[in-house]
Amino acid sequence: MKPPILIIIMSTVISGTMIVLTSSHWMLTWIGFEMNMLAVIPILMKKFNPRAMEASTKYFLMQATASMLLMMGIIINLLHSGQWTILNNLNSTASTLMTIALAMKLGLAPFHFWVPEVTQGISLSSGMILLTWQKIAPLSVLYQISSNINPNLLLSMAILSVLIGGWGGLNQTQLRKILAYSSIAHMGWMSAILIYNPTMMILNLTIYIMMTLSTFMLFMHNSATTTLALSQTWNKMPLITSLILTLMLSLGGLPPLSGFIPKWMIIQELTKNEMIILPTFLAITALLNLYFYMRLTYATALTMFPSTNNMKMKWQFESTKKMILLPPLIVMSTMLIPLTPMISILE
């Protein structure tokens, strides 16, 4: 894709999300979603092949259905209350419809089927945008209507998402699918806390976006899309191999790393709200995710797979792929835990 066209399309995607973030009027929010959706499709089809075409079509159909449901909810709310304001109390039918529409846009279970398929069909850079930037707009609307959401509906979707996000990734060898299931599980954690403490959801989203961006950038740097390709990095780029190891463990939510902060905070907040079974269940299902991250870690950094060359290290060529902001992203994705007291004060 030519740079001027890419700049125009990317600015439309960004302005679509910004309109959703800043508007307090349902119609403008809906327009922002539409702008964002129509502009992101050429990005998904950047490397034009039948797989990308199929993925973009699936994405379009799913998002268009979600937009239609969202509009239906908005109209029912308009007929009921006579106004377009987002922060106004919602009618229960409208609220349910909107929650389902936004869950479809996010890829929450049981509307998750498109996420792994679409992510697998597109390039790594498009996948990165799909699993990070595209989550911001729907979550911002959920944040604004969090006081009117039906808790049983959202919590059942959250539990199902965490379960499917852990289960689905267990037998995957494709990195993009693994990250897609990881995204479904993280969205589940965010939905679980949304009703009780919406600010915590934003903290979780921020840390999730930093970790996913870093992971995708490292995979793009290696041009790796499968576990097999990743298993040969030890004799090309040993430093990157160890970085992937720490990032995977951070995504899994292991204690000294940043990924542990949102899980810790969410479990603490749910326990404060006198819920015991839900946080216990979330913590147990997080082990499923940890298993497939550990498997990737094992294949990448903890074993020496037979390589085609006899030398210990390959000749180092200067990488042509410049990953800007990767070092600070990696630092923030792994070393934020000392800031937890400050974050808990902000909550």
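Residues numbered from 1 in each chain as written. Predicted model: local features only at pLDDT ≥ 70, side-chain atom pairs only at ≥ 80, totals over all residues. Heavy atoms only, no water.

Here the largest pocket defines a volume of roughly 550 Å³. Lining of the largest pocket is provided by 20 residues; of these, M10, M128, I129, L213 and M217 occupy positions nearest its centre. Elements that contribute at least two residues to the lining of the largest pocket include exactly α1 (3-22), α6 (124-131), α10 (198-222) and α15 (326-334). Among the elements that make up the lining of the largest pocket, the one with the highest residue count is α1 (4 residues). Residues belonging to the lining of the largest pocket are distributed by class as follows: 16 nonpolar, 2 polar and 2 charged. (1 Å grid on protein atoms, 1.4 Å probe; cavity = no way out; pocket = protein on both sides within 12 Å on 5 of 7 lines; lining within 4 Å. Points joined across faces, edges and corners; volume = space filled by probe spheres on them. Helix = DSSP H or I, 4+ residues; strand = E, 2+ residues; numbered from the N terminus. Nonpolar A, V, L, I, M, F, W, Y, C, P; charged D, E, K, R; others polar.)

Now for the environment of A52. Structurally, the position occupied by A52 is in helix α3 (residues 50-81). Here A52 falls in the buried class, since its relative accessible area comes to 1%. C-alpha separation for the pair A52 and I122, spaced 70 residues apart in sequence, amounts to 5.0 Å. Sequence-distant contacts of A52, defined by excluding residues within four places in its chain, comprise L44, M45, K47 and G121. (Buried < 20%, exposed > 50% of the residue type's maximum accessible area, 1.4 Å probe, protein only. Contact = heavy atoms within 4.5 Å.)

This paragraph deals with the packing of aromatic side chains. Following the criterion strictly, the structure yields 3 aromatic pairs and no others. Plain terms: the ring middles of Y59 and W114 are 5.5 Å apart, the flat faces sit at 65 degrees to each other, and that makes the pair edge-to-face. One end of the pair, Y59, is in helix α3; the other, W114, is in helix α5 (residues 114-121), with 55 residues separating them in the sequence. Taken as a pair, Y59 and W114 share a single burial class, namely buried. Measuring from ring centre to ring centre gives 5.7 Å for F260 and W264, while their planes differ by 20 degrees; the resulting arrangement is stacked. Of this pair, F260 and W264 both sit in helix α13 (residues 260-272), 4 residues apart, roughly one helical turn. (Phe/Tyr/Trp six-rings, centres within 6.5 Å; stacked < 30°, edge-to-face > 60°.)

So, about the packing of helix α9 (residues 175-194) against helix α14 (residues 277-302). Relative to each other, α9 and α14 sit at 160 degrees, their axes nearing to 11 Å. Taken together, the axes of α9 and α14 are roughly antiparallel relative to one another. Relative to α14, α9 is oriented so that their crossing is left-handed. Between α9, through L175, I178, S182, A185, H186, W189 and A192, and α14, the contact on the second element is made entirely by L282, A283, A286, N289, F292, Y293 and L296. Each residue belonging to the contact of α9 with α14 can be placed in one class, and the counts come to 11 nonpolar, 3 polar and no charged. (Axes fitted to C-alpha atoms, helices over the stretch in contact; angles between N-to-C directions. Parallel < 35°, antiparallel > 145°, perpendicular 65-115°, else oblique. Left-handed = near helix turned anticlockwise from the far one by under 90°.)

Attention shifts here to the UniProt feature "domain: NADH:quinone oxidoreductase/Mrp antiporter transmembrane" (unreviewed entry) in the chain. The sites that UniProt annotates as "domain: NADH:quinone oxidoreductase/Mrp antiporter transmembrane" (unreviewed entry) are residues 23-287. Helix makes up 75% of residues 23-287 and strand 0%, whereas the separation of the span's terminal C-alpha atoms amounts to 39 Å. (UniProt positions renumbered as here; feature names shortened; annotations may be inferred.)

Scanning the entire structure with this criterion turns up 2 cavities of 30 Å³ or more. Of the pockets and cavities examined, the largest cavity occupies roughly 70 Å³. Together, F33, N36, M37, Y59, Q63, K105, Q134, A137 and P138 line the largest cavity. Elements that contribute at least two residues to the lining of the largest cavity include exactly α2 (26-44), α3 and α7 (133-144). In terms of residue class, the lining of the largest cavity is made up of 5 nonpolar, 3 polar and 1 charged. In this structure, the second largest cavity spans a volume of roughly 40 Å³. If you trace the second largest cavity, you find it lined by A185, H186, W189, L251, G252, K263, N289 and Y293. Those elements that place two or more of their residues in the lining of the second largest cavity are α9, α12 (238-252) and α14. Here the lining of the second largest cavity is composed, by residue class, of 4 nonpolar, 3 polar and 1 charged.

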